[in-house]
Amino acid sequence: MTNKFTNSFRLPFAWLTAGAACALSAFAGAAQAEKIVISNWDGYMPPDLLENFTMETGIEAELSVHGTNEEIMGKVVAGGGKGYDVLFVSSPFAEALNNLGLVAAIDHDKVPNASNLYDEAKELAHDPGNNYSMPYAWGTTGLCYRSDLMPEPTSWNDLLKPSDDLKGKVTMLSTDRWLMGAAALALGKSLNDTSDETLAAAKDLLVAAKQDLLAYDDATFYLKLVSGEATMVHAWDGWCNYGIGENADIKYTIPSEGSDLWVDALVIADASENKDAAHAFVNYVLGADVGVWVASNILYKTPNKAAMEALDPSLIETFPNMGMSPADLTKYEQLRDLGNGQKPFARTVTEIMAAQ
Amino acid sequence: MTNRLKSVILLGPGLGWLALLMVVPCGLIFTYAFFERGIYGGIDHVFTFENFVRATDPLYLGIFLRSAKIAFLTTIIAILIAYPAAYAITLAPRRWQTGLLILVILPFWSNYLIRTYAWIVMLNREGLINNTLQGAGLIDEPLSLLYNNFAVIVGLVYNYTPFVVLAIYSSLNRINVETIEASEDLGAPAWTTFHRVILPQTVPGIAAGGVFVFVLSIGNFITPDLLGGGRLQMVGNLIYDQFLSARDWPFGATLSMFLIAIMMGLLFAQAVLANRAAGQRGQD
């Protein structure tokens, strides 16, 4: 869930290095076996995580960045997952990769740190029992707004049908699931409902809402709040925190109709030739210390109980949504893989984005 | 070595490059357009014309039309800016010309994205332009300069005008000065000399630069996304989304084919124009 463009320019290099890594391991055989390739969004883990992992375990790891879930999904589907060991993806994509048989079953004996997870994080709807995915970060999607310029919004309709003084001062996420999610919640429908009626109603609502937007923005929305260009933005809670960090008048709220529970997870590529090393990496990321450090660096909640309990309390004071309890989080519906519903869903989103 | 063998060897790398990076991908796109989408991207090998029917939906034709309109306006504005600039460079002393041309292409030394982001800083409601105008007391409320067609056209004109300057400069440079002197000697006023003697001889340059800008603009997706705020899609955004978000490769391929056809048509027209101009010069 990051910017579509900034990352794509690094990809040729990532591919080259990934290719070189494959070539090396093919030639050098066992000598290079302990080298794994991780794919993650740019900036979605602390920059020295891989270095520390290598220091601790002796396993070489390198990062390949993807800009979006769709991008890494496309590569993994096209290449059967070859060249990757561990992937960071949002849960519907983990689910889809699992349906396609592209991710490996997780051997819990090799991931003892999974015991650090909250109980709720072990029974997530997309993968109860964490059979093929381990949650890395989770949170909600809501409204991030300037409390000095407007009263607290209470409904998704405050975004979709903004009052006159907010017209042209709101932004929405354009990533399909969250764009449609705002409408589904406003309509009181399931986030995973792809029936014709719901899609048509969501389309009407979102095409009308488009007229009042400042812009669609999936990457810099919090900066628009800071600069005052926007007064309220559709935001992931962690990204709203980046805005709160720059201006304490920025606040995050979940409308009365609720939110989605999004989960970004780690999966191991079934094509990985270093599954033990991949498991070691997953285990390392689930460590309490690493979890603390992840949460305080990227300002996302992690499903890591040991880590969240060890967080500096001042962090939660500054960023109140970091303190949301797992019980509160998991009462929201998760985004699921839409399966065949993906076709009408994608067509509806295309029509919304194409509308004048 | 025979001449034929020589030309095969010399043409080899170029033709191979074209075949591998142009013909094959276009062939793939052409094939994809006739299949159904897979659920997770890719294609299902089921033959269909559905993508073509869908692409002619007024919704998508409207996007083609809007993109063409924006690209056309961009082209006109770029030519209007570039012509005087190229003219001035041609008139400048010889030793300055290289330096001036380097200044024209200097922006290309930085990344397209960075150059486009710079316009966000200039145009936004708290940006350089609005702050300056407000500071000078010329406006009370900030102007909405960003996230609309205006901003998209500004971004495209800014990025592509240098190409037109170069194209027009090269055709201005090729004009035989004697034709201008002849016109003046025969008593033509400056304006008549320009529009009867100079302008017609630079039509190929204008066409080359113009077609180049139009083709690059109509397929652009970064500028409408960043400066247009993603609200007003151009055909480039529509295609981008089919491959990277909707995972509908066949529909994306069909739209690409329409776009490629438009571009090829224009490039062909430009080539005909250039050929005709070359032919005329040959007869002179």
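Residues numbered from 1 in each chain as written. Chains lettered and ligands numbered in written order. Predicted model: local features only at pLDDT ≥ 70, side-chain atom pairs only at ≥ 80, totals over all residues. Heavy atoms only, no water.

Trainee: Which parts of the structure should I look at to understand the interface of chain B and chain A?
Mentor: Accessible area lost when the parts come together is the quantity often used to give the size of an interface. Taken together, the contacts link 34 residues of chain B with 40 residues of chain A. Surface buried jointly by chain B and chain A totals about 3200 Å² across both partners, of which 56% is contributed by carbon and sulfur atoms. Residues E50 of chain B and R347 of chain A are paired through a salt bridge, measuring 3.1 Å at the closest nitrogen-oxygen approach. In this structure, the connection of chain B to chain A is made through nine residue pairs in polar contact (both at pLDDT 80 or more). When residues of the side of chain B that touches chain A are traced back to their parent elements, those giving at least two are α2 (50–55), α3 (58–91), α5 (112–123), α10 (222–226) and α11 (235–244) of chain B. Looking at side-chain class alone, the side of chain B that touches chain A contains 15 nonpolar, eight polar and 11 charged residues. (Contact = heavy atoms within 4.5 Å. Buried area = accessible area lost by both parts, 1.4 Å probe. Salt bridge = Lys/Arg side-chain N within 4 Å of Asp/Glu carboxyl O. Polar contact = N/O pair within 3.5 Å; in protein donor to acceptor, adjacent residues only side chain to side chain. Helix = DSSP H or I, 4+ residues; strand = E, 2+ residues; numbered from the N terminus. Nonpolar A, V, L, I, M, F, W, Y, C, P; charged D, E, K, R; others polar.)

Trainee: Explain the pattern of salt bridges to me, please; I cannot follow it from the model alone.
Mentor: Opposite charge on two side chains makes pairing possible when the charged atoms of those side chains draw close. Residues and elements named next belong to chain A. This model, assessed by the stated rule, comprises 14 salt bridges over all chains. Where D148 meets R146, a salt bridge forms, and the shortest distance between an N and an O atom there is 3.0 Å. A residue is classified by how much of its surface remains accessible, and D148, at 38% relative accessible area, is partly exposed. Its salt-bridge partner being K203, residue E351 comes within 3.1 Å of it at the nearest N-O pair. On the criterion of sequence distance, the pair formed by E351 in helix α15 (residues 342–354) and K203 in helix α7 (residues 196–210) is long-range, its members being 148 residues apart. (Buried < 20%, exposed > 50% of the residue type's maximum accessible area, 1.4 Å probe, protein only.)

Trainee: I'm lost on α15 of chain A in this one. Help?
Mentor: Residues and elements named next belong to chain A. Over its 13 residues, α15 extends 18 Å from the first C-alpha to the last, a length consistent with the 18 Å expected when each residue adds 1.5 Å. Where burial is concerned, most of α15 is hidden: 10 out of the 13 residues are buried. Of all the residues in α15, the buried ones are Q342, F345, A346, T348, V349, T350, E351, I352, M353 and A354. (Expected span 1.5 Å × (residues − 1).)

Trainee: Help me understand the nonpolar core in this model?
Mentor: It is characteristic of soluble globular proteins that their nonpolar side chains tend to be buried jointly. Counting residues in each nonpolar core, the largest one holds 137 residues, and the members touching the most others are L49, Y136, M172 and F281 of chain A. Here this core gathers at least three residues from each of two domains, domain 1 (8–136 + 263–311) and domain 2 (139–260 + 334–354) of chain A. Excluding residues that lie within four positions of it along the chain, Y136 of chain A makes contacts with Y44, M45, P46, F88, D264, A265, L266, V285, V294, I298, T302 and P303 of chain A. Y60, L238, L259 and M263 of chain B belong to the second-largest nonpolar core, a separate cluster that totals 17 residues. (Core = buried A, V, L, I, M, F, W, Y, C linked by side-chain atoms within 4.5 Å. Domains from an automatic or database assignment.)

Trainee: Got a minute to help me understand the domain arrangement of chain A in this structure?
Mentor: Residues and elements named next belong to chain A. Its domain assignment divides chain A into domain 1 (8–136 + 263–311) and domain 2 (139–260 + 334–354). If you average the C-alpha positions of domain 1 and of domain 2, the two centres end up 28 Å apart. Taken together, the 15 residues of domain 1 in the interface contact 13 residues of domain 2. On the domain 1 side of the contact with domain 2, P92, L299 and Y300 bury the most area, a combined 40% of that side's loss. Remark: the boundary between domain 1 and domain 2 carries two salt bridges. E95 serves as the salt-bridge partner of R336, at 2.8 Å between the closest nitrogen and oxygen. Inspection of the region where domain 1 meets domain 2 yields 10 residue pairs in polar contact (both at pLDDT 80 or more).

Trainee: Before we go on, may I ask you to explain a nonpolar patch on the surface in this structure?
Mentor: All names here are of chain B. On the surface, L11, L15, W17, L18, L20, L21, M22 and V23 cluster together to form a nonpolar patch covering roughly 830 Å² of accessible area. Examined against the element boundaries, W17 turns out to sit in helix α1 (residues 3–32). Accessibility expressed as a relative area gives 56% for W17, which makes it exposed. (Patch = residues over 30% accessible without salt bridge, like charges linked within 9 Å, V, L, I, M, F, W, Y side chains within 5 Å. Areas by Shrake-Rupley, 256 points an atom, 1.4 Å probe, with all protein chains shown as cover.)

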